Amino acid sequence: MTFAEHIGQLLSPDDTALLLAALASTPTVSVRANLTRGAVLRDDLERVPWCNRGAYLAVRPMFALDPAWHSGLYYVQDASSMFISHVIGQLITESVRYLDLCAAPGGKTTAAIDALPRGSVIVANEFVAARALALCDNVSRWGNPSVIVTGTDTSKLARALPATFDVVAVDAPCSGEGMMRKDDTAVKQWSPSLVKQCAELQRAIITDAWKVLKPGGLLIYSTCTFNREENEEQVEFIAQLGGNSVAVPIDPSWNILPGIDTPHHCYRFMPHHTRGEGLFMAVMLKTTENDSPINDKASKATKPAKLSPHIHAALNWLNTREVTPMMTAYTLCAVNTADSAFVSRVTGAVHTLQAGVPLRDMRAPKPSPHHALAYSTLLAADAFTRVNVDRETAVRYLRGEAITLADAPRGDVIVCYDNIPLGFARNLGARANNLYPKPWRIITQQTSTPPASPLKHHTGSTS
């Protein structure tokens, strides 16, 4: 069976033709501003209807040449996926413990960071190691100090942290039908057997998600595919676990479609009706108790790091003293003291890549400031000298090349372009050691005029 035949069983002939035509058209381009860092979109850009911090771009520019993108002042995200911001804004009014169970590369995580009430703590998890590193990078650029990035199997999370989270988001691995006009791989790999395989995996992940969700908590389930097996049938599976469907207020003009052959509240973004890629989302309220009692002693809590001179000096880089130092792997981090007991429980239970504000990698003989610190909202304005450079130097820095900072003091400084922090360099006088992370560096050799930034304003500094 071909995909066209498969989708033809789901939709009317007219709708099938319109969808297939939409999937053969040019994808939309949209970005979302980083509210955590004070970014504001240009007034002339058309806003995404369900996300006022998102906007459409007429063409896809070379984002790699825009320092604001490298600094995390905006995120390139499909407009349909921004619906998570609306869902959170409509349904969550108090601070929560929020788990993004399948979080890479971080689009929905960073959207949740901005939409959640102040005081919320976010755990972003990704099992696949390479994808977890990408998640870590994007969360680092966003600059919020209340995020923990973990990299573990969902079943281990379920065993270690039962009934722990108020909200669990599951953006489930799927057959990717909704991404076919953006991703040739999605077209080539599609088959009925793939749909069946994905549905089985989704049920396993949902079962684990249900275990870590508190009674009375919300499960936000989403995919980027069209078929009922991975969408409405999974919502019915959640209902059988004891979930009640939750309605999300929407504007009829958005052309978001309801679920197909289901009594539950479901939200379908179809490319021939909405301006974005394919997306399915539903919210379910957990009405059942957990099968087993919560065991707070099931995992060993991470102890705060002892205040050595290195650690004490690093804490002085922050604009608050309400933080507790912790070690995750080889990285010294600072977490909000109010969250420290919860953070230590999570980091003691599962493999953690970073928590709160990464300060230093302690493996180096002379530890440098962690690159994520340059973007953190907790970084004190006077912690490091900020050196503004011209665009040519900024691009060279982002490529990882050696640069000269003749007028800057010796030592660790933050390299900026138009007051946008790009990262750290260690100025030696005649030259500066480039500390920009290798995986982040610009690969393209294009040096043409940079794209017009979608931002009209940004705070520039992180404080």
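Residues numbered from 1 in each chain as written. Predicted model: local features only at pLDDT ≥ 70, side-chain atom pairs only at ≥ 80, totals over all residues. Heavy atoms only, no water.

## Remarks on the sheet that holds strand β21 (residues 432-434)
Next up, step 1: Spatial ordering of the open sheet is given by β18-β19-β20-β21, a layout of four strands whose pairing is mixed. Strand pairing shows two members of the sheet lacking a second neighbour, β18 (385-388) and β21, which therefore form its edges. Ignoring strand direction, the axes of neighbouring strands in this sheet form an average angle of 45 degrees.
Next up, step 2: Bridge analysis of β18 against strand β19 (residues 411-417) gives four bridges, and the strand direction is parallel. Among the inter-strand pairings, Val-387 is bridged to a residue of β19, identified as Val-415.
Next up, step 3: This element, helix α13 (residues 391-398), spans β19, β20 (420-427) and β21 of the sheet and lies at about 70 degrees to β20. (Pairing = 2+ DSSP bridges. Helix = DSSP H or I, 4+ residues; strand = E, 2+ residues; numbered from the N terminus. Axes fitted to C-alpha atoms, helices over the stretch in contact; angles between N-to-C directions. Contact = heavy atoms within 4.5 Å.)

## Thoughts on the nonpolar core
Next up, step 1: Ranked by size, the top nonpolar core spans 50 residues in total, and within it Leu-318, Leu-359, Leu-373, Tyr-397, Leu-405, Val-415 and Leu-455 carry the most contacts.
Next up, step 2: By size, the runner-up hydrophobic cluster in this structure holds 44 residues, among which are Ala-79, Ile-84, Ile-92 and Trp-142. (Core = buried A, V, L, I, M, F, W, Y, C linked by side-chain atoms within 4.5 Å. Buried < 20%, exposed > 50% of the residue type's maximum accessible area, 1.4 Å probe, protein only.)

## What about the layout of surface pockets?
Next up, step 1: Approximately 720 Å³ is the volume attributed to the second largest pocket.
Next up, step 2: Of all the secondary-structure elements, those providing two or more residues to the lining of the second largest pocket are α6 (129-142), β16 (352-355) and β17 (357-361).
Next up, step 3: With four residues, α6 is the single largest residue contributor to the lining of the second largest pocket.
Next up, step 4: A breakdown of the residues in the lining of the second largest pocket according to their chemical character gives 13 nonpolar, nine polar and three charged. (1 Å grid on protein atoms, 1.4 Å probe; cavity = no way out; pocket = protein on both sides within 12 Å on 5 of 7 lines; lining within 4 Å. Points joined across faces, edges and corners; volume = space filled by probe spheres on them. Nonpolar A, V, L, I, M, F, W, Y, C, P; charged D, E, K, R; others polar.)

## Remarks on the side chain of Arg-268
Next up, step 1: Along the chain, Arg-268 falls in strand β12 (residues 267-269).
Next up, step 2: From its side chain, Arg-268 meets the backbone oxygen of Phe-226 in a polar contact 2.5 Å long. (Polar contact = N/O pair within 3.5 Å; in protein donor to acceptor, adjacent residues only side chain to side chain.)

## Notes on helix α2 (residues 13-23)
Next up, step 1: Taken residue by residue, α2 has Thr-16, Leu-19, Ala-22 and Leu-23 as its buried positions. In an axial view of α2, the angular spread of the buried residues amounts to 130 degrees, which keeps them on one side of the axis. Turned more than 90 degrees off the buried face of α2, the exposed positions are Pro-13 and Asp-14.
Next up, step 2: In this fold, the buried residues of α2 make contact with α1 (3-8). (Arc of directions from axis to C-beta.)

## A few points about empty space enclosed by the protein
Next up, step 1: The tally for this structure, following the rule as stated, stands at three cavities of 30 Å³ or more.
Next up, step 2: In this structure, the largest cavity occupies an estimated 70 Å³ of space.
Next up, step 3: The wall of the largest cavity is formed by Val-139, Ser-140, Gly-143, Asn-144, Gln-354, Gly-356, Val-357, Pro-358, Ala-372 and Ser-376.
Next up, step 4: For the lining of the largest cavity, a count of residues per class yields four nonpolar, six polar and no charged.

## A word on the pairing of strand β6 (residues 97-100)
Next up, step 1: Relative to strand β7 (residues 121-125), β6 runs parallel, the two being bridged by four bridges. Bridge pairing in β7 places Asp-100 opposite Ala-124.
Next up, step 2: Running through helix α5 (residues 107-115), the crossover from β6 to the neighbouring parallel element β7 is right-handed. (Right-handed = clockwise from strand over helix to strand, strands pointing away.)

## Points about the packing of aromatic side chains
Next up, step 1: In the structure shown here, the tally under the stated rule is 13 aromatic pairs.
Next up, step 2: Between Phe-165 and Phe-342, the aromatic rings sit 6.0 Å apart at their centres with planes inclined by 80 degrees, giving edge-to-face as the arrangement. Taken together, the residues Phe-165 in strand β9 (residues 165-171) and Phe-342 in helix α12 (residues 340-349) connect sequence positions 177 residues apart. Comparing Phe-165 with Phe-342, the two get one shared label, buried. (Phe/Tyr/Trp six-rings, centres within 6.5 Å; stacked < 30°, edge-to-face > 60°.)

## Overview of the sheet that holds strand β14 (residues 323-328)
Next up, step 1: Sheet architecture is open: three strands sit in the order β14-β15-β17, paired in antiparallel fashion. A single partner strand is all that each edge strand has here, and the edge strands are β14 and β17. Between one strand axis and the next, the sheet turns by 30 degrees as a mean value, whatever way the strands run.
Next up, step 2: In terms of strand pairing, strand β15 (residues 331-336) meets β17 through four bridges, oriented antiparallel. Its bridge partner being in β17, Ala-334 is matched across the sheet by Val-357.
Next up, step 3: Strand contacts of α12: β14 and β15, with the helix running at about 5 degrees to β14, the strand carrying the most contacts.

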